[in-house]
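# Fold and geometry: a report
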Amino acid sequence: MTDQALGKPEADRPAKGPLIYRQAVLTRITHWVWAIALFFMLLSGLQIWNAHPALYVGQQSGFEFDNAILRIGAENTPEGPRGFTTVFGQKFDTTGVLGMSELRGTTNFVGFPGWATIPSFRDLATGRVVHFFFAWILVGALGIWAISSLLNGHLWRDVILKPRDFRELPRDIWDHARLKFHHGRSYSPLQKFAYFGVFFVLFPLIILTGLAMSPTMDAGWPWLIDLFGGRQTARTIHFLVMVLLVLFFVIHIAMVLLAGPINELRSMITGYYRTSPGTDASLPLEGRERGRGRSGGRREIPTPDSSPQGGGEQAGANRQEKSK
Amino acid sequence: MSGLILNRRRLIGLGAASAGSLVLAGCDQFDFLGQRNDPVRDFLERANSLTYAAQRALVGQQALAREFSESEIRQGQRPNGSTDPRQNVAEYRTLEANGFAGYKLRITGLVETPKEYSLAELQNMPSRTQITRHDCVEGWSCIAKWTGVPLGRLLDEAKVKPGAKFIVYHCYDVMGGGLSKPEPYYESSDLIDAYHPQTIAAYGLNGGALPVENGAPIRIRIERALGYKQPKYVHTIEVADGFSQYGLGQGGYWEDHGYDWYGGI
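A brief report on the enclosed structure follows. (Residues numbered from 1 in each chain as written. Chains lettered and ligands numbered in written order. Predicted model: local features only at pLDDT ≥ 70, side-chain atom pairs only at ≥ 80, totals over all residues. Heavy atoms only, no water.)

### As for the pattern of salt bridges
Note that side chains of opposite charge can pair when their charged atoms are close. Counted according to the given criterion, the structure contains 27 salt bridges over all chains. With a shortest N-O distance of 2.9 Å, B:R41 and B:E45 are connected by a salt bridge. Highlighted residues: B:R41 and B:E45, both in helix α2 (residues 39-58), separated by four residues, approximately one helical turn. B:R86 is the salt-bridge partner of B:D84, the closest N and O atoms lying 2.8 Å from each other. Here the salt bridges share partners, and the residues they tie into one network are A:D218, A:R231, B:R133 and B:D135. (Salt bridge = Lys/Arg side-chain N within 4 Å of Asp/Glu carboxyl O. Helix = DSSP H or I, 4+ residues; strand = E, 2+ residues; numbered from the N terminus.)

Below you can see the structure in the form of structure tokens.
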């Protein structure tokens, strides 16, 4: 009622749930730091990979025997040079993208094309400078995120998988398949699986396989070589995890677009997220247990003083939902 | 109230637009990072010092590189980089033609007694043999058996003076040429790597004499670093308190061309 009187744009829209404070400031900052770091690590990583565009299994690279599972290169054919990609012995013509591509009007015989590498020309030294700088940024942000998420309850509430997430997973997959999204207080089970996978599987794997490629780290931590079954296997896993992270990125962006890009982006910039009607704006029980502390209690339910968008509306809407 | 909303919307839109343009612009945008001495690149390069410090802190000075069994030598040591200084270095050509009979390995610089060793003298000293994995900066690895004199022993015989910080390895092979200035290959390491038990002046490979393509007559093995830190065709080992006076001042031929000095990852 208040909002009608104020003539707010929200008033004439269909039913909305409460606006909640969903993402803590460190969650938002580390999110964007990763977005930038992973962008540079991917493109500099492909630059590094182009220096030897093949993947092997085992301790070493077979030059006089064959333990390669992926190889990109160019060959002369009766129709002229062509780019080829060989995966598990299956050879594909990938001219134009892999093995042979155009860059500013010149043909280059490189693994990944110039538009996918930093720098766009062959420069392993620079690729390494960029890659290792952002590797430190990525790991530093992961450390900050892990500590802050442990303290503010985000880790336990939103990322750690619980029996309930497994129980509700089939239903959530069905909902996602119908593009029916529930904008709740916390993430949906499928989201939690995705983020859990990134933080507890992909990030640790890509960091450890990166370290396993270091001859110094292999001397200090010999278990790294044994864990992955050899330096070249570690390099192959590093590459495969990169592919999975790219896949995660594609799905992540698709879901943001499908679930409402303005709301999703707002939550990752300002922290505030518009939930579906009927959402209880208070913290779920497990979150409340963990997410104690001054700021947690004060900020989770917007009040007229704390919400920059007019908490009166939220609180009122919430009360209405409950009274139904 | 509505001003605030607009501001937020505008902010979000701005963020999305700039992120989009970053991707759409393509990666030529970052080609400037390839220019040596670009200030942004210089800043990013500082991470290399952090990496060096972190690896020195995490890995014990004596920690050994993995040694493999004979059965894991499955191929010859892959030659890479400069593989035949006979092509452009007359002095090396003559030495090689005489089976390196006239070769001398010199230990010079900040030492009390500069030394010279013939190949035969080196071969008659106590040796170390190790089957290790050679990791090229390009990404490939190759396992081979290396035999040589522990470098620490040679340094001890020459008696390193206080104040020494680095060892500079001077090589016969000359890189560049043609249009660019010829640059003799050189490398450097700190004293920790020089005195590491697996650091050897190698004259043997896989049970035979070290071939020309792999660095005959002497190649330094620093087993916890990448391939470019394993200088081939070494003629002089110079003990120094810095390396800015050599080459372009970055501590090695590849370092002068933008690669990190430590080469530990």
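### Quick notes on the environment of B:A216
Residues and elements named next belong to chain B. In this structure, A216 sits in the loop between β8 (208-209) and β9 (219-221). For the pair A216 and K232, spaced 16 residues apart in sequence, the C-alpha separation works out to 7.0 Å. Here A216 is in contact with Y92, F100, L210, P211 and Y233, once residues within four sequence places are set aside. (Contact = heavy atoms within 4.5 Å.)

### Some words on the interface of chain B and chain A
Bring the parts together and some accessible area is lost; that lost area is often taken as the interface size. On the side of chain A, 56 residues touch chain B, which itself brings 60 residues to the contact. Both faces combined, the contact of chain B with chain A buries some 5,200 Å², and carbon together with sulfur accounts for 63% of it. Across the contact surface, chain B and chain A share seven salt bridges. Of the charged contacts, one joins B:R66 and A:D226 as a salt bridge, the two residues approaching to 3.1 Å between their closest N and O atoms. Applying the counting rule to chain B against chain A returns 28 residue pairs in polar contact (both at pLDDT 80 or more). A per-element tally of the side of chain B that touches chain A places α2(B) first, with 11 residues. Tallied by class, residues from the side of chain B that touches chain A come to 32 nonpolar, 11 polar and 17 charged. (Buried area = accessible area lost by both parts, 1.4 Å probe. Polar contact = N/O pair within 3.5 Å; in protein donor to acceptor, adjacent residues only side chain to side chain. Nonpolar A, V, L, I, M, F, W, Y, C, P; charged D, E, K, R; others polar.)

### Here's the deal with the environment of B:M175
Residue and element names in this part refer to chain B. When you line up the elements, M175 lands in strand β5 (residues 166-175). A C-alpha to C-alpha distance of 9.4 Å links M175 and N88, two positions 87 residues apart in sequence. Setting aside residues no more than four positions away along its own chain, M175 makes contact with S82, K181, P182, E183, Y185, Y253 and W254.

### Focus: the packing of helix α3 (residues 124-152) of chain A against α2(B)
One way to put it is that α3(A) packs onto α2(B) with a least axis distance of 8 Å and a crossing angle of 65°. In terms of orientation, α3(A) and α2(B) fall into the roughly perpendicular class. In this structure, α3(A) meets α2(B) at a crossing whose hand is left-handed. The residues of α2(B) that touch α3(A), namely those facing A:A125, A:T126, A:V129, A:V130, A:F132, A:F133 and A:W136, are B:R41, B:F43, B:L44, B:E45, B:A47, B:N48, B:L50, B:T51 and B:A54. Broken down by class, the residue content of the contact of α3(A) with α2(B) amounts to 11 nonpolar, three polar and two charged. (Axes fitted to C-alpha atoms, helices over the stretch in contact; angles between N-to-C directions. Parallel < 35°, antiparallel > 145°, perpendicular 65-115°, else oblique. Left-handed = near helix turned anticlockwise from the far one by under 90°.)

### So, helix α5 (residues 151-158) of chain B
Residues and elements named next belong to chain B. All of the buried residues along α5 are L151, G152, L154, L155 and A158. Taken down its axis, α5 places every buried residue within 160° of arc, on the same side. One or two positions beyond α5, positive phi appears at K159, with a value near 60°. (Buried < 20%, exposed > 50% of the residue type's maximum accessible area, 1.4 Å probe, protein only. Arc of directions from axis to C-beta.)

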